[in-house]
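Working through the structure, step by step
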Amino acid sequence: QVQLVESGGGLVQAGGSLRLSCAASGRTFSNDNIAWFRQGPGKEREFVAAIRWSSGSTAYADSVKGRFTISRDNAKNTVYLQMSTLKPEDTAVYYCAAGLGLPLTSVPTTRSRYNYWGQGTQVTVSS
């Protein structure tokens, strides 16, 4: 059975950095898009960043551009989200998601394009 496991969440001060990891079992990312979504208290789940495993193409939400970087490690079948210059509004549960990538298309940013989801990891940014 496919499992995505997020790790690396925690409590950080505003302006600090944190790196999240998403490790897959039962599935390789080689043909996938992998994304990070987040859901803050009382808010809808929103897109954060995504990467096409095969090409390395990325997409970012405007709110995190220049601060967050998504990357992958082929050997570990793992995707990372490096978060810098964190703000209190970044506080949320962060979810890793994966879906089949399609050639010659933009990296998707909508939840419906992702089929497999992790359980989430809490990121709290204090002011």
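Summary of the structure given here. (Residues numbered from 1 in each chain as written. Predicted model: local features only at pLDDT ≥ 70, side-chain atom pairs only at ≥ 80, totals over all residues. Heavy atoms only, no water.)

In this section: the overall build of the protein. Helix and strand counts for the protein stand at zero helices and 11 strands. A compact globule built from 127 residues should have a C-alpha radius of gyration of about 14 Å, and the protein, at 14 Å, falls within 12% of that. Summarising its shape, the C-alpha atoms of the protein cover approximately 40 × 30 × 30 Å along the three principal directions. For the protein, the proportion of its 127 residues judged to be buried stands at 43%. Contacts spanning at least 24 positions in sequence make up 60% of the contacts within the protein whose residues lie at least 6 apart. A total accessible area of about 6400 Å² is found for the protein, and carbon and sulfur atoms account for 47% of it. (Helix = DSSP H or I, 4+ residues; strand = E, 2+ residues; numbered from the N terminus. Rg over C-alpha atoms; globule rule 2.2 N^0.38 Å. Buried < 20%, exposed > 50% of the residue type's maximum accessible area, 1.4 Å probe, protein only. Contact = heavy atoms within 4.5 Å. Areas by Shrake-Rupley, 256 points an atom, 1.4 Å probe, with all protein chains shown as cover.)

This paragraph deals with the side chain of Asp32. Among the secondary structure elements, Asp32 is positioned in strand β4 (residues 32–39). The class of Asp32 is buried, set by a relative accessible area of 2%. Excluding residues within four positions of it along the chain, Asp32 makes contact with Arg27, Ile51, Arg52, Trp53, Ala98, Gly99, Leu100 and Gly101.

Our next topic: the state of the cysteines. For the structure shown, the criterion picks out one disulfide. A disulfide bridge connects Cys22 with Cys96, and the sulfur atoms are separated by 1.9 Å. Measuring the twist about the S-S bond at about -75 degrees, one finds the Cys22-Cys96 disulfide to be left-handed. Here the residue Cys22 occupies a position in strand β3 (residues 18–25), and Cys96 occupies one in strand β9 (residues 92–100), the gap between them amounting to 74 residues. The class of Cys22 is buried, set by a relative accessible area of 0%. Using a relative accessible area of 0% as the deciding quantity, one classes Cys96 as buried. (Disulfide = S-S within 2.5 Å.)

Before going further, it helps to spend a moment on the environment of Ser25. With respect to the secondary-structure elements, Ser25 resides in strand β3. On the basis of relative accessibility, which here comes to 35%, the residue Ser25 falls in the partly exposed class. Separated by 19 residues in the primary sequence, Ser25 and Glu44 have C-alpha atoms spaced 27 Å apart. With residues up to four places along the chain from it excluded, the contact list for Ser25 reads Gln1, Val2 and Gln3.

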